[in-house]
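Descriptive analysis of the structure
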Amino acid sequence: MRSRYTAFFSGGFGEYLLRTWLNAAESGMTAEELSIRSVNWQKLEVLNTSEQGDQGEVEFNALFLHKGRLEVMHERSLFKRLKGRWYYVKALEIS
């Protein structure tokens, strides 16, 4: 989770984001699109994590600047572990 946020924060890491996304092809996004730093991310706050076997959830707030104001994207995400590596599956809730 933190590595994916860092990739979004830094920009230029679209290939990494696709490699860590379990069903990336379904998103229709390209590495080039994911490499663009379109949001001025400021901070990641992990609020809760849970794990059951090879499935996990992460609830977080991602703070970003929009028109000079600090805003928050809240998300609860689903992750799945395959062969010892965690992959993003999908957002379960976004606000």
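Anyway, here's the lowdown on the structure attached to this text. Residue numbers run consecutively from 1 along every chain, following the written order of its sequence. Totals for whole chains, interfaces and linings use all residues, but because this is a predicted model, local features are given only for residues with pLDDT of at least 70 and pairs of side-chain atoms are given and counted only at 80 or more. Only hydrogens and water are set aside; all other atoms, that is, all heavy atoms of the structure, feed into the side-chain values.

**Re the pattern of salt bridges**
Any two side chains of opposite charge can pair, on the condition that their charged atoms come close. Salt bridge criterion: a side-chain nitrogen from Lys or Arg within 4 Å of a carboxyl oxygen from Asp or Glu. Scanning the model with the defined rule gives 5 salt bridges in all. Among the ionic pairs, K43 bridges to E45, the shortest N-O distance being 3.7 Å. Note on K43: relative accessible area 44%, which makes it partly exposed. Remark: exposure states derive from per-residue accessible area (1.4 Å probe, protein chains only) relative to the maximum for the residue type, with buried under 20%, exposed over 50%, and partly exposed in between. Classification of E45 by relative accessible area gives partly exposed; the value is 27%. Between R81 and E51 there is a salt bridge, with its nearest N and O atoms 3.1 Å apart.

**A word on the packing of aromatic side chains**
Aromatic rings from Phe, Tyr and Trp, taking only the six-membered ring of Trp, are treated as a pair when their centres fall within 6.5 Å; an angle between ring planes under 30 degrees marks them as stacked, one over 60 as edge-to-face, and anything in between as tilted. Considering all chains together, one arrives at 5 aromatic pairs under this definition. For the pair Y5 and F9, a centre-to-centre distance of 6.0 Å together with 35° between the ring planes defines the contact as tilted. One end of the pair, Y5, and the other, F9, are both in helix α1 (residues 2-10), 4 residues apart, so they sit about a helical turn from each other. Among the residues examined, Y5 registers a relative accessible area of 11% and is labelled buried. A network of ring pairs unites the aromatic residues Y5, F9, W41 and F64 as a single cluster. A ring is considered to have a charge above it if a Lys NZ or an Arg CZ atom is located within 6 Å of its centre and within 35 degrees of its normal. One residue, R37, lies across the ring of F9, its end atom 5.0 Å from the ring centre. The helix and strand labels rest on DSSP assignments: H or I over at least four residues marks a helix, E over at least two residues marks a strand, and numbering proceeds from the N terminus.

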